[in-house]
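# What the coordinates show
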Amino acid sequence: MTGGEAEMDRARRLVASAERIVVLTGAGVSAESGVPTFRGEDGLWQSHRPEELATPQAFRRDPALVWSWYAWRRERVAECRPNEGHRALARLALLRDGVTLVTQNVDGLHTVAAEEEAEKLGVGPEPAIPWELHGSVFRLRCSSCEYREEHRVPEEPEPVEPLHCPECRGLLRPDVVWFGEMLPATALDGAFQAAREADLALAVGTSAMVHPAASVPLVTADAGGTVLEVNPDATPLSRVASLALRGPAGELLPELLSSEVTPQG
Ligand code: BV8
Ligand code: ZN
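Residues numbered from 1 in each chain as written. Chains lettered and ligands numbered in written order. Predicted model: local features only at pLDDT ≥ 70, side-chain atom pairs only at ≥ 80, totals over all residues. Heavy atoms only, no water.

Turning our eyes to something else, we now look at the overall build of the chain. For the chain, the helix and strand inventory stands at 10 helices and 9 strands. Computed over the C-alpha atoms, the radius of gyration of the chain is 19 Å, within 12% of the 18 Å expected from 2.2 N^0.38 for a compact globule of 265 residues. With the C-alpha coordinates aligned to their principal axes, the bounding extent of the chain is approximately 60 × 40 × 30 Å. Counting every position in the chain, which comprises 265 residues, the buried fraction comes to 52%. Pairs at least 24 apart in sequence give 71% of the contacts found in the chain among residues at least 6 apart. With the model as given, the accessible surface of the chain reaches about 12400 Å², and the carbon-plus-sulfur share is 52%. Across the chain, the 25 positively charged side chains and the 40 negatively charged ones have centroids separated by 3 Å. (Helix = DSSP H or I, 4+ residues; strand = E, 2+ residues; numbered from the N terminus. Rg over C-alpha atoms; globule rule 2.2 N^0.38 Å. Buried < 20%, exposed > 50% of the residue type's maximum accessible area, 1.4 Å probe, protein only. Contact = heavy atoms within 4.5 Å. Areas by Shrake-Rupley, 256 points an atom, 1.4 Å probe, with all protein chains shown as cover. Lys, Arg positive; Asp, Glu negative; His and termini not counted. Charge placed at Lys NZ, Arg CZ, Asp CG, Glu CD.)

Turning our eyes to something else, we now look at the side chain of R87. Note that R87 resides in helix α6 (residues 84–95). With residues up to four places along the chain from it excluded, the contact list for R87 reads R81, P82, A113, E116, E117 and K120.

On to the sheet that holds strand β1 (residues 21–25). Across the sheet, which stays open at both edges, the 6 strands sit in the order β3-β2-β1-β7-β8-β9 with parallel pairing between neighbours. Bordering the open sheet on either side are β3 (131–132) and β9 (243–245), each of which pairs with just one other strand. When β1 meets strand β2 (residues 99–103), the two strands line up parallel, connected through 5 bridges. The residue bridging L24 from the neighbouring strand is V102, located in β2. (Pairing = 2+ DSSP bridges.)

Domain boundaries in the chain define domain 1 (5–34 + 82–134 + 183–260) and domain 2 (40–79 + 138–176). Spacing between the C-alpha centres of domain 1 and domain 2 amounts to 27 Å. Each partner contributes residues to the interface: domain 1 has 5 residues there, and domain 2 has 7 residues. A combined buried area of about 450 Å² lies between domain 1 and domain 2, and 48% of that area is made up of carbon and sulfur atoms. Scanning the region where domain 1 abuts domain 2 turns up 1 salt bridge. Two residues, R139 and E132, come together in a salt bridge whose shortest N-O distance is 3.2 Å. At the surface where domain 1 touches domain 2, the tally comes to 2 residue pairs in polar contact (both at pLDDT 80 or more). (Domains from an automatic or database assignment. Buried area = accessible area lost by both parts, 1.4 Å probe. Salt bridge = Lys/Arg side-chain N within 4 Å of Asp/Glu carboxyl O. Polar contact = N/O pair within 3.5 Å; in protein donor to acceptor, adjacent residues only side chain to side chain.)

Here the focus is the environment of A187. Relative to the helices and strands, A187 is located in helix α8 (residues 185–197). Residues A187 and L133, spaced 54 residues apart in sequence, show a C-alpha to C-alpha distance of 5.8 Å. Setting aside chain neighbours within four positions, we find A187 in contact with W131, E132 and L133.

Looking at the zinc ion (ligand 2), one finds its protein donor set to be C142 (SG), C145 (SG), C165 (SG) and C168 (SG), positioned 2.3 Å from the metal centre. Around the zinc ion (ligand 2), the 4 donor atoms are arranged such that angles at the metal cover 100 to 119°; this shape is classified as tetrahedral. Within one chain, the residues donating to the zinc ion (ligand 2) are spaced in sequence as C-x2-C-x19-C-x2-C. Residue C142 is found in strand β4 (residues 135–142), and its partner C165 is found in the loop between β5 (148–150) and β6 (172–176); the two are separated by 23 residues along the sequence. Both residues of the pair, C142 and C165, count as buried. (Donors = N, O, S within 2.8 Å, 3.2 Å for Na, K, Ca; no water. Tetrahedral: all angles 85-135°; square planar, octahedral: opposite > 155°, others 65-115°.)

Another point: the packing of α6 against helix α10 (residues 249–261). With their axes 7 Å apart at the nearest point, α6 and α10 run at an angle of 25° to one another. Classified by the angle their axes make, α6 and α10 are roughly parallel. The two elements α6 and α10 meet at a crossing, and its hand is left-handed. Contacts between α6 and α10 involve E84, G85, A88, L89, R91, L92 and L95 from the former and A249, G250, L253, P254, L257, E260 and V261 from the latter. Grouping the amino acids of the contact of α6 with α10 by side-chain chemistry returns 9 nonpolar, 2 polar and 3 charged. (Axes fitted to C-alpha atoms, helices over the stretch in contact; angles between N-to-C directions. Parallel < 35°, antiparallel > 145°, perpendicular 65-115°, else oblique. Left-handed = near helix turned anticlockwise from the far one by under 90°. Nonpolar A, V, L, I, M, F, W, Y, C, P; charged D, E, K, R; others polar.)

Another point: the environment of A31. Along the polypeptide, A31 turns up in the loop between β1 and α2 (44–47). A C-alpha to C-alpha distance of 8.5 Å links A31 and G205, two positions 174 residues apart in sequence.

So this is what it looks like as structure tokens:
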């Protein structure tokens, strides 16, 4: 058995013996779907710095620039499909109790995978719908009142100026969490509750640099649980991980979870 096979074997045994699993995903889980990551060489933030775009100050300073960056990302993501990594995670959550998916991603691909895999299994998608800690580019909210709406990519090209709220005429903005903004309390509580109760945390495709999201696996480790990292590169989480599978999630997750997600029958 090669090193990689021995690691995979150990990782599969960790998953099989876990009672409760919390999974934290980052942009890396969507890389093989063609969604650019943030900090990689083709990352979104090579052309722009996060402070320029993913902050409320940037939106106040130049709403059209920030709006059009998100419109461009929505159009990019709308062409992307869940990959086998998303699907393996969705099937794990649908077929096993005690699995909670948590994502930092705003691309909605875990939810598409949940709905499609649940349809195939003839079950409801709820167990595989992730806590979206940083929101979604496919939802808009008003920057002045509580108004929110789903926002799919329209047929015609998106306007470059932000839309206005039908309730108060305020500027609509992407329903994502910008730097310096609070994370949605329900998602944050759900994620950290699951992390405290988990005996295994999977950290998949995240550079583990953005907090408080990156702390989810740390909470499991602090509570005596095990951390398993799936990432081609090492990250700040690697030091608390008992095991790391160094490679692409789209290949490693189906292999890691195959025995868990083949419908018994
Ligand atoms: C808050 C939404 C407080 C918008 C995003 C100093 C120290 C610690 C913290 C801070 C600090 N200074 C400031 C802070 C707080 C700040 C923060 O953490 N900053 C960091 C950068 C230092 N956090 C915040 O501001 C948060 N809010 O703290 O509020 C507060 C308190 C009281 C009152 C008010 C406020 C809000 C953070 C949310 C920011 N929003 N996104 C948008 O998407 O445009 S963050 C952004 O980064 C994305 O959400 C993304 O998900 C997240 C993390 O990035 P990753 O997902 O990890 O992606 P990345 O490209 O970095 O890495 C990809 C990984 O995948 C790599 O490791 C790569 O190796 C791997 N990979 C590549 N290919 C594959 C792969 N893995 C597997 N398979 C592959 N094929
Ligand atoms: Zn409004």
